[in-house]
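One letter stands for each residue in the lines below.
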Amino acid sequence: MSKIVVDPITRIEGHLRIEAQVDGDQITDAWSSCTMWRGIEKILSGRDPRDAWYFTQRICGVCTTVHALASVRAVENALGITPPLNAQLIRQLITASQFVHDHVVHFYHLHALDWVDIISALDADPEGTAELAQSISDYPKSGTGHFRAVKARLADFVAKGQLGPFSNGYWGHPAYKLPPEGNLLAFSHYLDALEFQRQYIEIHALLGGKNPHLQTYLVGGVAIPIDPNSQNAINAATLAKLRSLLEEGLRFVQQAYIPDLLLVASFYPEWTQIGGGLGNFLAFGEFPAGAANPSEDPDGLFLPRGIILNKDLSTVHPVDPKKIAEYVTHSWYSYEAGDDVALQPFDGETTPNYTGPKPPYDFLDTDGKYSWIKAPRYDDVAMEVGPLARMLVAYASGRKEVVDAVNWALGELGVGPEALFSTIGRTAARGIESLVLAEHSLTLLDQLTANIAAGDLQIHNGELWEPDTWPKEAIGFGMHEAPRGALSHWIKIVDQKIDRYEIVVPSTWNGSPRDANGQRGAYEAALIGTPIADQQQPLEILRTIHSFDPCMACAAH
Amino acid sequence: MTPNDTSKGAVGTLPPGRIESVREEAVVRVWELPVRVIHWTVFATVIVLSITGFYIGRPFLVAGAEPGFTMGWMRAIHNLSALVFMSAILGRIIWAFTGNRWARWDQFLPVSKERRENGRATLLFYLLIRREIPRVVGHNALAGFAYLLLFVMFLVQIVLGLALWGLQYPGSLLWDSTNWVFSLTPIPMARLIHRLIMWFIWGFVIHHVYSAWLADSEERSGIISSIFSGRKHVPTDRG
Amino acid sequence: MVHALTVTDDSLAGGLTKRGVSRRSFLQFCAAVTAILALPESYAPRIARALEEKAKPVVVWLKFQDCTGNTESFLRAHNPGIGDILLDVLAVEYHDTIMAAAGTQASAALKAAIEPGGHIVVVEGSIPLGDDGVYCVIGGRSAIQVLEETTVGASMIITAGTCSTFGGLPAAAPNPTGAVSVADVVSGVPIVSLPGCPMNVDNMIGAIVHILTFGAPPAADRLGRPLFAYGERIHDHCERRAHFDAGQFAVEWGDEGHKKGWCLYKMGCKGPSTFHNCPSTRWNGGTNWPVGAGHGCVGCSEPGFWDTMTPIYKPLPAPPGFGVTTNLDSIGLGILGATAVGFGAHGVAKAVQRRRSTPISIRSAEADGNEGTDQGSGQEADTDGDET
Ligand code: HEM
Ligand code: HEM
Ligand code: NFV
Ligand code: SF4
Ligand code: SF4
Ligand code: F3S
Ligand SMILES: [Mg+2]
């Protein structure tokens, strides 16, 4: 038995440290620790609630947009503001494209190198690669000449000895299974995806001024005007540009992401048995119909809300936000009422209390407090959130678009739904979701276009814009499905100012340390049973951890 | 504006009933022309600067579809009157060293024992403890000190104003000589202070006009008219 | 000590042309960079020459109290594309968001990259100094330890984003972690400041190309920000400026003025207080920028903007010590009102005092006799009646 440490966990957002107990060639226990905290909840206190979205968006530049949306929803919920339909649709378009963008970047640039051995691609036969590529997809850049050029470029790059981001990778590790042709194909798409993502995200610039950190959210709507007869507002040209970018996104997901995902999954079947983890899943749901605030209205969500317990897909349990509470027993905070209680976010406290070793250190005291992440629990149960949770809840709820996509993917791989409760399942759910949402985003654009065509140009509900129209006190929460899962912002407004602001983030759920009852968080649970071929090269830990797409800036904030 | 014709210097022109013991009085030309011209120039420019400045910070007139140049004019007028204002202030500073004894710099500072005494007595008068206003020919010591504070505010306005002006011309002489201001205070804070001081200046004006009126009605020296004519009635027993 | 820039033997232009980037698009890239750097067009060939001769600089990218927004911005590089940058323009030997290695292998890659010296250190995120730096620890070492080790021998530091440049969001009041900027803790290595929340990747490419072309960091303002990107105000280059001058303002979100692209000053735009090239360079390949999308500038490239440029929807911040929703002019009017009421009350009190007082003759005598304090002297009075 030995304890190994992986710190920094790379190819994620932020500062994550994993300590794992390894017995023989398997992980028997694990501790997840986020080692960075900024105190954004404290910084928000006393400020103008209408500014909160701008601050909270900076929680994360990877899942940019999501905290902005959760925040405006929280304030709107507190004050009883309903934004106009156009604003809702624009927000949803931003969200849907954020999902597709984030998932593509995750798959190719954060996760792929866990499955793809770049150096092995040097042994690939360009012709064989072209055959492989053409057999799985009609993606255009699939000719022998293309792969020969890519291979030559890689060879040239490697020969220079300056590997840049590929320096010191686990190349040649026995757990890599893709053939050289698969690796070359993936490397080629790694580069294409870099190009794709920066172009696709122009959607955000069109609707939000820039990316990352869009600048058109408003409490009560959005700040980008709509006027088909103005050159300074969303007009037909904007809509046409959006359409072509969204179509481009759908094409890329269909022709590259999904085929590549299935290719990887088919070479790693054993990873459908590894990394299952908690088996409890929570989804807030997203993409409300019409102008509803999902914090208020769980019906009509395109991706439904619900809870799956113990991997049981036969029942979807309802979500009651009041049952969310956070522990700090093993987190570097203290509660006035003692560190063994769980606090609901409306009464939440964020008081730092570092008890860990003074840096530099080798090991954390994992019996005590060991992370800047709090431990959120639903009805005292640890939950996994994220694409897998969303796809499972939607699948179990019978959401047609999801059921069809999931069944098709499972069919392609020749496995049943139980394969979803795994490392590969999580990764696959993300791809399936991208497909569903890339399609849905075009529906959203259609709705927006139709609404504008019907003469509705409203983008903001300004009735309660001025703080002197607000009640003396108000509380509200904003629910949102971020790419990494269920996100909620909780606000208390007193005298036109933020009195208390608490944020419970997807990666807080997934990356949480243990709670007062010793329940592990989702990363910790999923690592148990993960094989380790070489303790010096913890590639397998990366696979399972990356399948969650961790974001530590989000998790601890 | 002038309740009594002080230019005549005739005691008999004072309204009856208030002063029962008739005193010897002399007419003293306290405020030389430059002082008066400067005073009313400052008065006028402060009004213009305040109106245009207020607009710059909070454009209360919003033009319609017809393109106008409202903000452009406001800023141009602000800058132009700032130049006049700064010249007036500069002139007054020069005059503080070249003008008559009531215009001199020491009138604004409680430097002498006498002025401190006068300041104390005037304060007692204001606090309703002392009934009679201590009489002076120039400013009373308290007023002199208030003017000093006002001048400090003016100077801060000028420095901030020049620095804000300089923002438009990066690398210019104006920029180079004023940009240090923003090492002391960020740009929005500088604007905030510039605006806040505007309000303080108007707070001063209220106090100033009130006390001029008060002193006038107490002293019957024609203090208010003095800032127009330059002349004050001063009892000869105190010179 | 400061080392010379370390570069690999592979030249940028060579890398670009070798992999099929035509000479023509390479020259286009040079022309684009010339524009970002605000240099005359005639400089493009000089830049091209410099890039053809120079080789890839070694870059290590450190992340502390950040949100990865600047990394994401970096990934949006479009000319040249980020793929070309990662393979051909820069040798990014350490960047924990994209690197293959993790844990000890990652730390080893960092060590290897900085050993020869001359590397460029890019820093994203602020450095928490509070409580021994426990608020940001990487591989068991605090941010400040990592930063100090990594900048030894560096040729320069580029601070990407407002957090590393000025402290940024973590340093916003009440700065719970004692966050500071790089310049607050590192000396002896030149710092190129690229604030922005996030920084605009075009400005980073511009700065790097400038360094490669001219062999020195670009000229900067007193805050270390290159003049080519932060030399002038948003407000002085904003496409809505004519509406500002005309007095045409949006006054409600979505009103006619807003739709027509009128000035956003009354909606809280901080363009007049902000130095950044957003209006000309724009974002995401020149697609748009915040004001272009209908929202005011928030001043994200200015120091302390989280505290000094907020509340976002008011032109000026709240006076320190007052709540955020307090309007400066209400305070001003309060000052006036209080003064007026105060002196009004004083006037009334004076009048009452007068009415109650003893006859003036006695009073005058009293006053004259006991408390004459005036120092004025009639003899010296200018009584000739002539105006001077
Ligand atoms: C009593 C003297 C002055 C008063 C009451 C005054 C008042 C103001 C006010 C209220 C503002 C608007 C601030 C804001 O809300 O942003 C302003 C702006 C300004 N003032 Fe003054 N000001 C005075 C003197 C000056 C002087 C002496 C100068 C220049 C030498 C000056 C130059 C400016 C400039 C450049 C601006 C900014 C204009 C802009 O944003 O375009 N001011 N002033
Ligand atoms: C913006 C408005 C005003 C400002 C900034 C201002 C400022 C000043 C200053 C600085 C002085 C000292 C003169 C010197 O030594 O240079 C002064 C004196 C005087 N001002 Fe004004 N003034 C203003 C408006 C007025 C008005 C409206 C009146 C008329 C009621 C007035 C009446 C006087 C009088 C009577 C004196 C001489 C008082 C004394 O002996 O101390 N002022 N003022
Ligand atoms: N966890 C997380 Fe986020 C997401 N998706 C936010 O809510 O990544 Ni930065
Ligand atoms: S400057 Fe802004 S974008 Fe960059 S790390 Fe800080 S918060 Fe994120
Ligand atoms: S929108 Fe902002 S930057 Fe543009 S002119 Fe108006 S105030 Fe200036
Ligand atoms: S908020 Fe920042 S991105 Fe540009 S427009 Fe303003 S400086
Ligand atoms: Mg929280």
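1. So, the overall build of chain A
Secondary structure summary: chain A contains 16 helices and 13 strands in total. Over its C-alpha atoms chain A spans a radius of gyration of 23 Å, differing by no more than 12% from the 24 Å that the globule rule assigns to 557 residues. Dimensions of chain A along its principal axes, counting C-alpha atoms only, are 70 × 60 × 50 Å. Relative to its full complement of 557 residues, chain A shows a buried share of 69%. Sequence-distant contacts, at least 24 apart, represent 75% of the contacts inside chain A between residues at least 6 apart. Carbon and sulfur atoms form 49% of the exposed surface of chain A, whose accessible area is close to 15900 Å². Put simply, chain A has 42 plus and 67 minus side-chain charges, and the middle of one group is 4 Å from the middle of the other.

2. Brief notes about the site of ligand 2
All names here are of chain B. Taken together, the neighbourhood of ligand 2 is formed by 24 residues, with His 39, Arg 92, His 139, Tyr 147 and His 208 sitting nearest. A distance of 2.5 Å separates an oxygen atom of ligand 2 from a polar atom in the side chain of Arg 92. In the model, an oxygen atom of ligand 2 is placed 2.7 Å from a nitrogen or oxygen of the His 139 side chain. Of all elements in the fold, only α1 (33–57), α4 (141–166), α7 (187–219) and α8 (223–229) reach the threshold of two or more residues within the shell around ligand 2. Examining the composition of the shell around ligand 2, we find that six residues originate from one element, α1, more than from any other.

3. A look at the pattern of salt bridges
Counting across every chain of the model gives 48 salt bridges over all chains. The salt bridge partner of Lys322(A) is Asp320(A), with a shortest N-O separation of 4.0 Å. According to the relative accessible area criterion, Asp320(A) is partly exposed, its value standing at 26%. Across the salt bridge formed by Glu302(C) and Arg225(C), the nearest N and O atoms sit 2.9 Å from each other. Placement of Glu302(C) in the loop between α14 (278–281) and α15 (305–308) and of Arg225(C) in the loop between α10 (201–214) and α11 (227–230) is noted, with a sequence separation of 77 residues between them. Across the pair, Arg225(C) and Glu302(C) agree in class, each one buried. Several salt bridges share partner residues, and in doing so they unite Arg75(B), Arg233(C), Asp236(C), Arg241(C) and Asp245(C) into one network.

4. Quick look at the coordination of the nickel atom of ligand 3
All names here are of chain A. Taken together, the protein donors to the nickel atom of ligand 3 comprise Cys 60 (SG), Cys 63 (SG), Cys 551 (SG) and Cys 554 (SG), at separations of 2.3 to 2.7 Å. Mapped onto the sequence, the residues coordinating the nickel atom of ligand 3 show the spacing C-x2-C-x487-C-x2-C. If you look at the nickel atom of ligand 3 and the iron atom of ligand 3, they sit 2.8 Å from each other and are both ligated by Cys 63. Here Cys 63 is found in the loop between α2 (52–57) and α3 (66–79), whereas its partner Cys 551 is found in the loop between α15 (539–547) and α16 (552–556), with 488 residues between them in sequence. For the residue pair Cys 63 and Cys 551, the accessibility class agrees, reading buried in each case.

5. Focus on the site of ligand 6
For ligand 6, the set of nearby residues contains 13 residues, the closest of which are His276(C), Cys278(C), Cys297(C), Val298(C) and Cys300(C). Residues close to ligand 6 are split across chains A and C. Residue composition of the shell around ligand 6, by class: eight nonpolar, four polar and one charged.

6. Points about the sheet that holds strand β9 (residues 342–343) of chain A
Backbone-to-backbone hydrogen bonds join strands into a sheet, with any given pair of strands oriented parallel or antiparallel. Residues and elements named next belong to chain A. Within the open sheet, the three strands sit side by side as β9-β8-β10. Their pairing is antiparallel. Here the strands that pair on one side only, and so sit at the sheet edges, are β9 and β10 (375–378). The pairing of strand β8 (residues 324–327) with β10 spans four bridges and is classified as antiparallel. Looking at the pairing, Glu 326 lines up with Pro 376 of β10.

7. Examining unusual backbone geometry
Note that the residue after Pro359(A), namely Pro360(A), is joined by a cis bond; omega there is 0°. On the secondary structure map, Pro360(A) appears in the loop between β9 and β10. Cis geometry marks the peptide bond from Thr310(C) to Pro311(C), where omega comes out at 0°. Phi angles above zero are rare outside glycine, and Phe287(A) is one such case at about 70°.

8. Brief notes about the side chain of Arg91(A)
Position of Arg91(A) relative to the elements: it lies in helix α4 (residues 85–111). For Arg91(A), a relative accessible area of 3% puts it in the buried group.

9. A short note on a nonpolar patch on the surface
Residue and element names in this part refer to chain B. Residues Ile 93, Phe 97, Trp 105, Val 111 and Leu 155 make up a contiguous nonpolar surface patch of roughly 460 Å² in combined accessible area. Looking at where Trp 105 falls in the secondary structure, it is placed in the loop between α2 (70–98) and α3 (113–126). We classify Trp 105 as partly exposed; its relative accessible area is 38%.

10. Looking at the packing of α4(B) against α7(B)
Residue and element names in this part refer to chain B. Contact geometry of α4 with α7 gives a least axis separation of 10 Å together with a crossing angle of 150°. By the criterion of interaxial angle, the relationship of α4 to α7 is roughly antiparallel. Note on packing geometry: the crossing formed by α4 with α7 is left-handed. Contacts from Ala 146, Tyr 147, Leu 150, Met 153, Phe 154, Val 156, Gln 157, Leu 160, Gly 161 and Leu 164 in α4 reach Ile 187, Ala 190, Arg 191, Ile 193, His 194, Ile 197, Met 198, Phe 200, Ile 201, Phe 204, His 207 and His 208 in α7.

11. Thoughts on the pairing of strand β11 (residues 473–482) of chain A
Look at any regular strand and the pattern is simple: side chains alternate between the two faces of the sheet. Residues and elements named next belong to chain A. Across the 10 residues that make up β11, a large majority, eight, are buried. Pairing analysis gives 10 bridges linking β11 to strand β12 (residues 485–494), with the strands arranged antiparallel. Bridged to His 480 within β12 is Leu 487. In sequence, β11 turns back onto β12 through a hairpin of two residues.

12. Examining the interface of chain C and chain A
The partner chain A presents 98 residues to the 94 residues of chain C that form the contact. Here chain C packs against chain A, burying approximately 7800 Å² in sum over the two surfaces, 60% of which is carbon and sulfur. Across the contact surface, chain C and chain A share four salt bridges. For Arg47(A), the salt bridge goes to Asp307(C), with nearest N and O atoms at 2.7 Å. Connecting chain C to chain A are 41 residue pairs in polar contact (both at pLDDT 80 or more). Here the side of chain C that touches chain A is composed, by residue class, of 46 nonpolar, 29 polar and 19 charged.

13. Some thoughts on the environment of Leu239(A)
Residue and element names in this part refer to chain A. By the secondary structure assignment, Leu 239 is in helix α9 (residues 236–267). Leu 239 sits in the buried class, given a relative accessible area of 10%. The spacing of Leu 239 and Leu 69 is 170 residues in sequence and 22 Å in space, taken between C-alpha atoms. Beyond its immediate sequence surroundings of up to four residues, Leu 239 is in contact with Ile 234, Leu 445, Leu 448, Thr 449 and Ile 452.

Conventions we followed
- Residues numbered from 1 in each chain as written.
- Chains lettered and ligands numbered in written order.
- Predicted model: local features only at pLDDT ≥ 70, side-chain atom pairs only at ≥ 80, totals over all residues.
- Heavy atoms only, no water.
- Helix = DSSP H or I, 4+ residues; strand = E, 2+ residues; numbered from the N terminus.
- Rg over C-alpha atoms; globule rule 2.2 N^0.38 Å.
- Buried < 20%, exposed > 50% of the residue type's maximum accessible area, 1.4 Å probe, protein only.
- Contact = heavy atoms within 4.5 Å.
- Areas by Shrake-Rupley, 256 points an atom, 1.4 Å probe, with all protein chains shown as cover.
- Lys, Arg positive; Asp, Glu negative; His and termini not counted.
- Charge placed at Lys NZ, Arg CZ, Asp CG, Glu CD.
- Near = heavy atom within 4 Å.
- Polar contact = N/O pair within 3.5 Å; in protein donor to acceptor, adjacent residues only side chain to side chain.
- Salt bridge = Lys/Arg side-chain N within 4 Å of Asp/Glu carboxyl O.
- Donors = N, O, S within 2.8 Å, 3.2 Å for Na, K, Ca; no water.
- Nonpolar A, V, L, I, M, F, W, Y, C, P; charged D, E, K, R; others polar.
- Pairing = 2+ DSSP bridges.
- Patch = residues over 30% accessible without salt bridge, like charges linked within 9 Å, V, L, I, M, F, W, Y side chains within 5 Å.
- Axes fitted to C-alpha atoms, helices over the stretch in contact; angles between N-to-C directions.
- Parallel < 35°, antiparallel > 145°, perpendicular 65-115°, else oblique.
- Left-handed = near helix turned anticlockwise from the far one by under 90°.
- Buried area = accessible area lost by both parts, 1.4 Å probe.

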